[in-house]
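Here is what each chain is made of, one letter per residue.
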Amino acid sequence: MEKKKILIIEDNPYNMRLMSDILQIHGYDVFAASSKEETLRILDDHKPSLILMDISLKDTDGLTLTRKIKSNPLLCDVPIIAVTAHAMENNKEDALTAGCESYITKPIDTRELPKIIERIIEYNSDRS
Ligand code: MN
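Given the structure is predicted, the values throughout are model-derived calculations rather than measurements.

Draft legend 1. Region of interest: the overall build of the chain. Helix and strand counts for the chain come out as 5 helices and 5 strands. Ordered by position from N to C terminus, the α and β elements of the chain give β-α-β-α-β-α-β-α-β-α. The C-alpha radius of gyration of the chain comes to 13 Å, within 12% of the 14 Å expected for a compact globule of 128 residues. Across its three principal directions, the C-alpha atoms of the chain cover 40 × 30 × 25 Å. Each of the 128 residues in the chain was classed as buried or not, and the buried ones make up 45%. A sequence separation of at least 24 residues applies to 62% of the contacts in the chain between residues at least 6 apart. Of the roughly 7,400 Å² of accessible surface on the chain, 49% is carried by carbon and sulfur atoms. Each charge class in the chain can be summarised by its mean position, and for the 17 positive and 22 negative side chains these summaries are 1 Å apart.

Listed below in structure tokens is the structure:
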């Protein structure tokens, strides 16, 4: 079976490494982007099964980038999980309003992350 692709958008190298390692161990094909530029370049060639979106990036914010991806008819069905350091309730709402399917907070829970991802990908493939 072909490996499922996950795009991780994250500008913190430590968090990128951590999430990337966990997802590769769980059998995913991981694509990494640390900026809007890189994200759009990767999405030109690959349609991932899921995107992990850091909310605060250097050249944009993750919610603006989420809205951009969700407005693309070719990509709008790709589920996006917002990843943020802020556990405030309105951040969660902002993420969902921008089109994110789910929301997790840093520090990354390494046991939960693969479970959440698997659940969302499964749910999304049942729907389409
Ligand atoms: Mn960041």
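Draft legend 2. Molecular detail of the environment of Met-53. By the element assignment, Met-53 lies in strand β3 (residues 50–54). Sequence-wise, Met-53 and Ile-8 are 45 residues apart; in three dimensions their C-alpha atoms are separated by 6.4 Å.

Draft legend 3. Up close: the pattern of salt bridges. Following the criterion strictly, the structure yields 7 salt bridges and no others. Note that Asp-77 is salt-bridged to Lys-47, the shortest N-O span being 2.8 Å. Here Asp-77, found in the loop between α3 (62–70) and β4 (80–84), pairs with Lys-47, found in the loop between α2 (36–45) and β3; they are 30 residues apart in sequence, far enough to count as distant. Judged by its relative accessible area of 35%, Asp-77 falls in the partly exposed class. Take Lys-47: its relative accessible area is 43%, and that puts it in the partly exposed class. A salt bridge links Lys-106 to Asp-54, with the nearest nitrogen and oxygen atoms 3.4 Å apart. Pair noted here: Lys-106 is in the loop between β5 (102–105) and α5 (112–127) and Asp-54 is in strand β3, with a separation of 52 residues, a long-range link. Comparing Lys-106 with Asp-54, the two get one shared label, buried.

Draft legend 4. Structural context of the coordination of the manganese ion. In this structure, Asp-11 (OD), Asp-54 (OD) and Ser-56 (O) serve as the protein donors to the manganese ion, at separations of 2.1 to 2.2 Å. Each donor residue of the manganese ion lies on one chain, and together they are spaced D-x42-D-x1-S. Highlighted residues: Asp-11 in the loop between β1 (5–9) and α1 (13–25) and Asp-54 in strand β3, separated in sequence by 43 residues. Comparing Asp-11 with Asp-54, the two get one shared label, buried.

Draft legend 5. Inspection of the nonpolar core at higher detail. Residues Leu-7, Ile-9, Ile-51, Met-53 and Ile-69 are the most contacted members of the largest nonpolar core, which totals 21 residues. At the level of secondary structure, the elements contributing two or more residues to this core comprise β1, β2 (29–33), α2, β3, α3, β4 and α4 (89–98). At 3 residues, the largest contribution of residues to this core is made by α3. Apart from the residues within four sequence positions on either side, Met-53 is in contact with Ile-9, Gly-62, Leu-65, Thr-66, Ile-69, Ile-80, Ile-81, Ala-82 and Val-83.

Draft legend 6. Structural view of unusual backbone geometry. For the peptide bond that leads from Lys-106 to Pro-107, omega is 0°, which places it in the cis range. For Pro-107, the location among the structural elements is in the loop between β5 and α5.

About the cut-offs
Numbering of residues begins from 1 in every chain and follows the order in which that chain's sequence is written. Per-residue local features are limited, in this predicted model, to residues with pLDDT of at least 70; the limit for side-chain atom pairs, both in listing and counting, is 80 or more; totals at the level of whole chains, interfaces and linings are taken over all residues. Only hydrogens and water are removed before side-chain values are computed, so all heavy atoms of the structure are retained for them. Strands are runs of DSSP state E lasting at least 2 residues, helices are runs of H or I lasting at least 4, and numbering of each runs from the N terminus. When we talk radius of gyration, it's over C-alpha atoms, and the globule rule is simply 2.2 Å times the number of residues to the 0.38. When accessible area is computed with a 1.4 Å probe and restricted to protein chains, residues below 20% of their type maximum are described as buried, those above 50% as exposed, and intermediate ones as partly exposed. Throughout, a residue-residue contact means that at least one pair of heavy atoms, one from each residue, lies within 4.5 Å. Residue-level accessible areas treat just the shown protein chains as cover; the underlying method is Shrake-Rupley with a 1.4 Å probe. The positive count covers Lys and Arg only, the negative count covers Asp and Glu only, and His and the chain ends enter neither. Charge placement uses NZ in Lys and CZ in Arg. For Asp and Glu, CG and CD serve respectively. One side-chain nitrogen of Lys or Arg within 4 Å of one carboxyl oxygen of Asp or Glu is enough to make a salt bridge. Here the term donor refers to an N, O or S atom within 2.8 Å of the metal (or 3.2 Å for Na, K and Ca), and because water is left out of the atoms, sites may appear incomplete. Nonpolar core, defined: a set of buried Ala, Val, Leu, Ile, Met, Phe, Trp, Tyr and Cys residues in which side-chain atoms within 4.5 Å join the residues together.

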